[in-house]
Amino acid sequence: MWIPTEHEKYGVVLASFRGTVQHGLPLEIGDTVQLLEKCEGWYRGFVHKNPNAKGIFPCTYVHLKNAHIKNKGQFETVIPTEDSVITEMTSTLRDWGAMWKRLYVVKSVQHTHKNEGDLFHRLWHVMNEILDLRRQVLVGHLTNDRMKDVKQHITARLDWGNEQLSLDLVPRREFSMVDPDEISVTELFKLMEHRHRKKETPVPASTHHLFVHMKSLMSSNLGEELEVFFHIYDGRENRPLSERFFVRLNKNGVPKSPEKTERQCTLFVDLGSSDLRKDVYIVVHIMRIGRMGAGEKKNLCSTQYRRPFGCAVVSIADLLTADSKDDHLLKVYACTTESEWYQIHENIIRKVNSRYNLSGSNTGLAVSLQLLHGDIEQLRREYMVLFTRGVSITKKLGFSDIIMPGEMRNDLYVTLEKGEFEKGGKSVARNVEITVYVLDIEGQVMKSYVAAGSGEPGGDEYHSFVLYHNNSPRWAEQIKLPIPVDMFRGAHVRFEFRHCSTKDKGEKKLFGYSFVHLMQEDGRTLPDGTHELIIHKCEENANLQDSSRYLKLPFSKANLPGNNQAVKGTKESFWITSFLCSTKLTQNGDMLDLLKWRAHPERINDSLSKLKEIDGSEIVKFLQDTLDTLFGILDESSQRYGLKVFDCLVHIINLLQDSKFQHFKPVMDTYIESHFAGALSYRDLIKVLKWYVDRIIDAEHQDHIQQVLKATEYIFKYIIQSRRLFALATGGQSEEEFRCCVHELFMSIRFFLSQENKITSPVTQTQAVFLRTFPAVYGELLKIFTVREVAGFVRETLGSLPATAHAECPLEAVKLHCIAETVESQLYTNPESRCILLPVVLRLLQAHMQEQRDLVMCVRILTSMLSLIRKEDSVTTEPVVSEEVDLIVDSLLVVLMRTILEITNRPQPAGTNMRLQFQDITGEFVACLLALLRQMSDKHYQQLLQAFTSKDDLRDFLLQIFTVFRILIRPEMFPKDWTVMRLVTNNVIITTVLYLSDALRKNFLNEKFDYKVWDSYFYLSVIFINQPCLQLESFSPSKRKRVLEKYGDMRVMMGCEIFSMWQNLGEHKLNFIPAMIGPFLEVTLVPQPDLRNVMIPIFHDMMDWEQRRSGNFKQVEAKLIDKLDSLMSEGKGDETYRELFNSILLKKIERETWRESGISLIATVTRLMERLLDYRDCMKLGEVDGKKIGCTVSLLNFYKTELNKEEMYIRYIHKLYELHLKAQNYTEASYTLLLYDELLEWSERPLREFLNYPMQSEWQRKEYLHLTIVQNFDRGKCWENGIILCRELADQYESYYDYRNLSKMRMMEASLYDKIMDQQRLEPEFFRVGFYGKKFPFFLRNKEFVCRGHDYERLEAFQQRMLNEFPHAIAMQHVNQPDQTIYQAEAQYLQIYAVSPIPESQDVLQRDGVPDNIKSFYKVNHIWRFRYDRPFHKGTKDKENEFKSLWVERTTLTLVQSLPGISRWFEVEKRELVEVSPLENAIEVIENKNLQLRTLIAQCQSRQMQNINPLTMCLNGVIDAAVNGGLARYQEAFFVKDYVVNHPEDGEKIGRLRELMFEQAHILEYGLAVHEKFVPQDMRPLHKKLVDQFHVMKSSLGIQEFPAYVRASPVHFTNGSPRSSCRNSVPNIISPDGARVVARRSPLTYPAVNRYSSSSLSSQASNEVSNITGQSESSDEVFNMQPSPSTSSLSSNHSASPNVTSSAPSSARGSPQLQDKHKHSRENSCLSSRERPVSAIYPNPLDPAQRATPHQIGDTTLPRSDPNLSAPDKVRATFSSRSLDSVKEVNNTQFSDTVGKLLCPPVPPRPPHSGSSAKTLRSQSPLPTSRSPQKSSLPPFTPSPTECQSAGLVSNSPVLSGSYSSGISSMSRCSVSEASGTEATTGDHPAHQGPTMPNSVSSGSDELIRRENKTPPPYSVYERSNPRRPVPLPHSLSIPPSLDPPALPPKPHQLRTSSMKLVPASDPRRADGVPHVPRPRPLPRKVSQL
């Protein structure tokens, strides 16, 4: 049976449990679980990280921990009873773990982000460190001090990690987290601020220490032991600051005792901040121990001397920048003369180079130096290893800046300065060595009390270094004598002088000595300073052991009696400098006199007077003794010395205020408590103090009195302690007398405080001095008086202060300071005293806050007051506290709010410090307000609201408090990581608002309705809910859980309150419609389901009330739409919200009368949300891609068409424009900006500033837009469109007579024309993309688009790009339309294949003489329709001949807008499906192959091919295929009798196919002739094989001789250039070897083959062999030739090869008798899909319903993307006339060589600038216009030699007259008679029609001859009405006679109707041949204000 657990509530999982049993709960090791029930070895409970999943698990898997339970019952919370630091560590590490893993992901993905990578590794180390520390704490074996250090370390690491990860600042008190509910808000603020400050600015340390580690001396000439001395030296005062640190080095230059680190490491302690300056140095002196001379040879002398070696210096300032231990290599310098050794360091510092030099180029001292900061105890904790390992302490000379009372020190420092010695009868000076001994009172040498420095233990004696041959040596060697205090008396120091011989024996001979006493007879020590000692001569064997013999002798020349002139006059002297640093001994006689006052009572007066002159450090040394002396004197003779003793006491007390001695205050406190014995002193002290206070008003000089009042605190301490001692001794006698004295004293104080004086009066300053010290007295008074008595003293004293003080009076600030100290004192903490003092405090505080004076102090007082009040104390346990809250609320609530308002609205000060202080007081005032509001109960609120007498006062109060709350909610109110403080603030706000909303309902509804108060209330509520700190969704799960447990979801609480208040409004709701729609909408977008369910119904209410008021809810709709855009773009809202909004409101309006319009509004808003959410999701992505652009287009169109929101429409136009620019889609950017341009007119209407546009007129803005659009069209190479805009702008300039700008515009227009003719531009591929599945955004879902690819982008690249944009999409591998399962799938499917554009401007493309550069634009621009072909077999597939059943399914896609446009892709509006029969397919295949052959032959002839291989391959492929059965298959399939009988309707088509087959054979024959001319020698055998196979092919086709209609034009090659061929009246003369004719203009760019959706034909001959023209044995091969996406939908193919698409041949002239209309039909039949005119203009001679534009099959050349191709092959080339000038002279030569007697007129000279002269024959229009005949003086070109009929291909040897052309020729014809200047008049049969091969284009000479002879240009009306010399054709090949050639295209300026529309002039989507009105772009309404 399951029993609820009682004590077993919390456990930790010891081992993972899979939970495979029924109801089992899976557990992971380390999880914490809460236990609910238990049963027979099983627990039931849940894991804390997922409390919703409950289950059972075995008891053995869980380790139980003690825990305490909150809210026992169903919703109980269990908290483990463990150290709070452990709890915090555990939860923090869990949070960090998740974030650390995310950092790893970021580090892996973004290799460039160094910071994240660093943080990842640093956090890893810190987490491991915390885990180790956690183990130490859990084990519990640490000492208290160590535990404290570990916890401090842990919290420091936790805070660091939280800061790095941008987590919350944790308020702590003594390492434990603080519960904000258990402390006052003011205390919480202090804790937060303290931690924040600690984090921001560490307090600079005042004490510093230098760590030195001696490593080694590097030198090449060592070999002797060394002594190294370090000390710190003040270069400014030229004195050492520290004692010396001494290291011994061995002969290798490394420390002698490497194992003893304390002998190589030291800490120079107690450096003050003033010592860290540039002129303080570390000085190193190095001595060698060895022979006298460094270079001496080894001799018998074994005596060792200390000799100078070198010196090094480094400035301490150099170490300030080094935080870590840095190694330094110091240069070592040596003296130039040994006598300068004593000041070598000064010379180095002053850089006196002449006196020192480098000891050796490679000599260096390696030391490690590091500055450490903080007191020594702090260092012991932080650098524990340093101290445990061992480090010597090197002390400062003298005391540190701060003297600590416990410090014991007794060090005498003696410096051996210099000596003066006589020669002693020697010829050379002596080598003097000094030996130093310390002897005690008995004359015994004191052991180990002579130290050369720290680092080495002291010795019994010290030997100085020796200077060679120097009778005036200067040593400047410092030694330390650490003699104990008790051994000082009677001790002396002896200095023995010896001469060191350099002879063999190396003896040291004693020749004299000196001595000095350490203490004088009166107890004073040897005075600091230099002493000149007498040198007493002695013999070498003199006995100095008996010190009593010489101690009676004089030791110092200064102390000699005047009659001892003999000794004074001696030249020999020895100087030393002594310095005593002692805490027990003194050198001051006055101090000793005072302490021994009983011995000399007559000197008491003098001693007391001189006390003030004694150095403070001497007084504090003997503080207790001094105080005993003073009170002893006072007890014995108070009448005589009372005043002086009081003054001395005041002096000593004030001396302790000095920062140097402030640490001695505890010493005095201890003295008062433990040692003070003056039981009678209180009377004298009170009397003297009162005497001083009474004299204040009359005294002229207040200085001394102010000194007395400064010491008031300690005077009272002595008074109170004295009285207590007296009471203790006497049993409480004289109590009344004492009380009376104190009352009298306070009366005097009150009297002097009550005096009103001038601001500058000394009395005012004295009052200020007293007020500063007065609060310190309270604690002392409480030792004797009751709390109420002391509170009475304080109240009366503070109450006596003058009330009417000036604001600038310094006393005011002091008064406040005194109040602050009072409130912070022990006295105020007692509730009894509080009720007495509070009125005084509040009165003063209120006055200051109302005048906004001393706010820093005011807030300090307020903080202290409120910190004492606890929430739990109020009302129930302490009525007193409730009264206090009443008092504070009455006095300060309103003024406190006003203060906060004024502070926050005041401009912030400029200075950083002022600004910080300013922010501090704002936060503190806010904390005070929150603390006060949190203390207020229901009763307090009732009293507060009842206290307002009028409605206006209540209204003002509510407005004020709502405004303050809005300020508190501001993000900048608290630092961003103060979440704890923000949550407390919000909790207080919502509690207060709930109280105040009742007042709002009661007082401001119905007839008393006040809009402003209600509006303020709603506004506050809205911004409250939207605060970032309340958005729990953004928190980690653990943080969210903590917040919900403590506060709940405050957003929902406030939302319910809003809803409740809204319902109370009734008809007043109309006041808030539409104003509150936006704010409420913002609230509903918060992702909290409960809040949304509460708030969304308000919109229904708004719609209802608006419907009642105005009969519609347009306002609601408009406001909703406006706000939705801005809010959702900020990231608010989600798909769930859209669904919830829709469902809740639809449900609400079900029964409304206005249901229909409501549904419409909801649907509109929902659709807008769909698009906005899509837009936002797309914009989150990094780079600009099609998804972003498509989404923006969708949204833009929605605003235009459905919402008619003009401003939003324009905004999104510009957003789209920016996207296009970023993606470098310049053409699309132009079209986009054109949308805005079209909204404007050429008017002078002023427009306001908008987006980035300044305020300007409409004309100026439109002009700017025009120029920007032209610039972008130029960048996008869409120059034709730019020209139209240029013209429109030029018209405007012309109308304003702005000729300057007109000129610029015309030049710009001209430059665009030049670019059209001169620059190359690529033709893009087009791709159809289908987006299927529900996972796509709404604007793409289950739709199909056609996309315009990027330059050089083929299918694979495009598909990869799409898959990158939609990484979750699945690519479909077929082209069939998907079924419903795909449409409804919860996935993304992409279907992509290439499509071919169907150009609209067929009139341009079919026009004679239009250069390819121009045509290329019209092939890929303004395209509405696209085509895709899919081959398939219908019926039974004939394995022998699959062509019989090979059909083509042709899909035509029509778009909603033409490409290019405002996007690179547009949606497909309509699909049309037709099927092309096998016969029609065969016709297309052969047509395309013929066209390809023509192109290659023309290229070969015009020498445009680098080699002949492409032509060879193509010929081989066609001939080989034909021989092997290719064409024969067609014959078998379609020419057999069965087929003709079964398909009588295909008669014409069969004839057409036969004609094309003959034509192909004819072209092949001509091609072989050309091939023979150019084929290289090694390919001759192949050529021969081709010729043989060709004859076989002819035989197989049954061709003996070509029919007349074929012979008439041996090979009809087209040419796009009007100047590319010459006329010739002599027929059949020129052979394939004939002349090359030079092109004079850039040719047209017609692609010779069509593009296909997928795998293109290979450029290799092997693929040619499998061409559809014949060889294929299976349908698969046919599919390879005419592929579809079904074979490889993911493989790219660019079907039109550069060799084919870049050039097409110029044909030989064909029969000139054909009518134009027939010619055009035939020409059309040779076009590829791009060039073929649509049926609207050129209906197909076959079945119009089925026959669509033929599709290219035989692309057999290299693909465009082949990297081996040259640039002209990759890009459509334009072969300019200029490039061909070099060969123009060859013309006539070649012609005459070939033709014989042919007469040719000379070639005219090239115009100087192609296309720029007036004589150029083209209008400068973006659309070609018809040519008009003009006269020309230029001689005509040579007529084409191929114009006349030829009998056969080979026999007549025709030649191709062509240029490097990129397309199919136009069909203008000229007869032989035209060339000779006469019109042909024979054989005109207009009724007879029959197609012929396309004729060659009219060349440049055509044009000139035509003009000369008044001949109309091609396509002229004249030509259409005068058909010449028709040739009878077979009926099967005839073309219906009713078709006319197309009308001439209009001039460009005719297109500029109304506003400029860059669209074709006829509807491209009509296939019925009926012209239609041009399709206009849908325009939005005109802009009114933009």
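To start, this report covers the structure provided alongside it. (Residues numbered from 1 in each chain as written. Predicted model: local features only at pLDDT ≥ 70, side-chain atom pairs only at ≥ 80, totals over all residues. Heavy atoms only, no water.)

The secondary structure content of the protein amounts to 68 helices and 40 strands. Long-range pairs, those at least 24 residues apart, make up 76% of the contacts in the protein with a sequence separation of at least 6. Summed over its atoms, the accessible surface of the protein is roughly 83000 Å², and 51% of this surface lies on carbon and sulfur atoms. (Helix = DSSP H or I, 4+ residues; strand = E, 2+ residues; numbered from the N terminus. Contact = heavy atoms within 4.5 Å. Areas by Shrake-Rupley, 256 points an atom, 1.4 Å probe, with all protein chains shown as cover.)

This part takes up the sheet that holds strand E24 (residues 432-439). The strand order E25-E24-E27-E28-E30 describes an open sheet built from five strands, whose pairing is antiparallel. The open sheet terminates on both sides in strands that have one partner only, identified here as strand E25 (461-463) and strand E30 (536-537). As judged from the eight bridges shared by E24 and strand E27 (residues 492-500), these two strands associate in the antiparallel manner. Residue pairing for E27: Glu433 is matched across the bridge by Arg498. (Pairing = 2+ DSSP bridges.)

This paragraph deals with the pattern of salt bridges. Two side chains bearing opposite charge may form a pair once their charged atoms approach each other closely. Enumeration over the complete set of coordinates arrives at 105 salt bridges. The partner of Arg1092 in a salt bridge is Asp1134, with the nearest N and O atoms 3.2 Å apart. Of this pair, Arg1092 sits in helix H36 (residues 1089-1095) while Asp1134 is found in the loop between helix H38 (1114-1129) and helix H39 (1135-1148), placing the two residues 42 residues apart along the sequence. Judged by its relative accessible area of 23%, Asp1134 falls in the partly exposed class. When salt bridges with common partners are traced through the structure, they connect Glu227, Arg244, Arg248, Arg263, Arg306, Glu456 and Glu477 into a single cluster. (Salt bridge = Lys/Arg side-chain N within 4 Å of Asp/Glu carboxyl O. Buried < 20%, exposed > 50% of the residue type's maximum accessible area, 1.4 Å probe, protein only.)

Enumeration over the complete set of coordinates arrives at 74 aromatic pairs. Both rings, one in Phe746 and one in Phe793, keep their centres 4.6 Å apart while their planes meet at 10°; by these two values the pair is stacked. Of this pair, Phe746 sits in helix H19 (residues 735-753) while Phe793 sits in helix H22 (residues 787-799), placing them 47 residues apart in sequence. The residues Phe746 and Phe793 share a single accessibility class, namely buried. Considering the side-chain rings of Tyr1530 and Phe1534, the 6.2 Å spacing of their centres and the 20° angle between planes classify their relative orientation as stacked. Of the two residues, Tyr1530 and Phe1534 both sit in helix H53 (residues 1526-1534), four residues apart, roughly one turn of that helix. (Phe/Tyr/Trp six-rings, centres within 6.5 Å; stacked < 30°, edge-to-face > 60°.)

Most of strand E21 (residues 364-373) is tucked away, with nine of its ten residues classed as buried. As judged from the ten bridges shared by strand E11 (residues 207-218) and E21, these two strands associate in the antiparallel manner. Considered in E21, the bridge of Ser216 is made with Ala366.

This brings us to the packing of helix H30 (residues 951-969) against helix H32 (residues 1011-1025). The contact between H30 and H32 brings their axes to 10 Å, and the two run at 20°. Classified by the angle between their axes, H30 and H32 sit roughly parallel to one another. The handedness of the crossing between H30 and H32 is left-handed. In this structure, H30 contributes Arg955, Leu958, Leu959, Phe962, Phe965, Arg966 and Ile969 to the contact, and H32 contributes Lys1012, Val1013, Ser1016, Tyr1017, Tyr1019, Leu1020, Ile1023 and Phe1024. (Axes fitted to C-alpha atoms, helices over the stretch in contact; angles between N-to-C directions. Parallel < 35°, antiparallel > 145°, perpendicular 65-115°, else oblique. Left-handed = near helix turned anticlockwise from the far one by under 90°.)

Turning next to the nonpolar core. Counting residues in each nonpolar core, the largest one holds 310 residues, and the members touching the most others are Tyr718, Phe925, Phe1018 and Phe1080. Of the residues forming this core, the biggest block, twelve residues, is contributed by helix H27 (residues 879-905). Discounting chain neighbours no more than four positions away, the residues touching Phe1080 are Phe1018, Val1022, Ile1058, Trp1062, Met1095, Ile1098, Phe1099 and Met1102. (Core = buried A, V, L, I, M, F, W, Y, C linked by side-chain atoms within 4.5 Å.)

On to helix H37 (residues 1097-1110), then. Between its first and last C-alpha, H37 extends 20 Å over 14 residues, near the 20 Å set by a 1.5 Å rise per residue. Within H37, eleven of the 14 residues are buried, which leaves it mostly tucked inside the rest of the structure. Buried residues of H37: Pro1097, Ile1098, Phe1099, His1100, Asp1101, Met1102, Met1103, Asp1104, Trp1105, Glu1106 and Gln1107, and no others. Elements that come into contact with the buried residues of H37 comprise helix H34 (1050-1065), helix H35 (1077-1084), H36, H38, H39 and helix H40 (1155-1179). (Expected span 1.5 Å × (residues − 1).)

Attention now moves to the environment of Leu709. Within the secondary structure layout, Leu709 lies in helix H17 (residues 703-710). Given a relative accessible area of 2%, Leu709 falls into the buried group.

Tracing the chain through its elements places Tyr1047 in helix H33 (residues 1037-1047). Beyond its immediate stretch of four places on either side in the chain, Tyr1047 contacts Pro180, Asp181, Leu983, Val984, Asn987 and Met1053.

With that out of the way, let us pick up the sheet that holds strand E29 (residues 529-534). Strand order across the open sheet formed by four strands is E26-E23-E31-E29, with antiparallel pairing between neighbours. Each edge of the sheet is formed by a strand with only one pairing partner; in this case those strands are strand E26 (474-481) and E29. Here the strands of the sheet are splayed against their neighbours by 25° on average, with no regard to which way each runs. Note that E29 and strand E31 (residues 573-582) share six bridges and pair antiparallel. Bridge pairing links Gly529 to Ser578 in E31.

One way to put it is that helix H23 (residues 810-824) packs onto helix H25 (residues 831-850) with a least axis distance of 11 Å and a crossing angle of 140°. Taken as axis vectors, H23 and H25 run oblique relative to one another. For the crossing formed where H23 meets H25, the hand is left-handed. Here Glu812, Lys815, Leu816, Ile819, Thr822 and Val823 of H23 come into contact with H25, specifically with Leu837, Val841, Leu844, Leu845 and His848. Grouping the constituent residues of the contact of H23 with H25 by class yields seven nonpolar, two polar and two charged. (Nonpolar A, V, L, I, M, F, W, Y, C, P; charged D, E, K, R; others polar.)

Taken as a whole and assessed by the stated rule, the structure comprises zero disulfides. Cysteine Cys1178 remains unbridged, with the sulfur of Cys1191 as its closest cysteine sulfur at 4.0 Å. Exposure remark for Cys1178: the relative accessible area of 2% places this residue in the buried category. (Disulfide = S-S within 2.5 Å.)

This brings us to the side chain of Thr797. Along the chain, Thr797 turns up in helix H22. For Thr797, a relative accessible area of 0% corresponds to the buried category. Discounting residues that sit within four places of it in the chain, Thr797 has contacts with Phe746, Ile749, Arg750, Leu753, Phe770 and Phe774.

In this section: unusual backbone geometry. In this model, Ile1073 is joined to Pro1074 through a cis peptide bond whose omega is 10°. Inspection of the secondary structure puts Pro1074 in the loop between H34 and H35. Leu1459 connects to Pro1460 through a cis peptide bond whose omega is -10°. You can see Pro1460 is positioned in the loop between strand E39 (1446-1459) and strand E40 (1465-1476). Even without being glycine, Asn238 reaches a positive phi, approximately 55°.

Inspection of helix H29 (residues 938-946) places His940, Tyr941 and Leu944 among the buried residues, and these make up the whole buried set. End-on, the buried residues of H29 take up no more than an arc of 100°, which puts them together on one face. (Arc of directions from axis to C-beta.)

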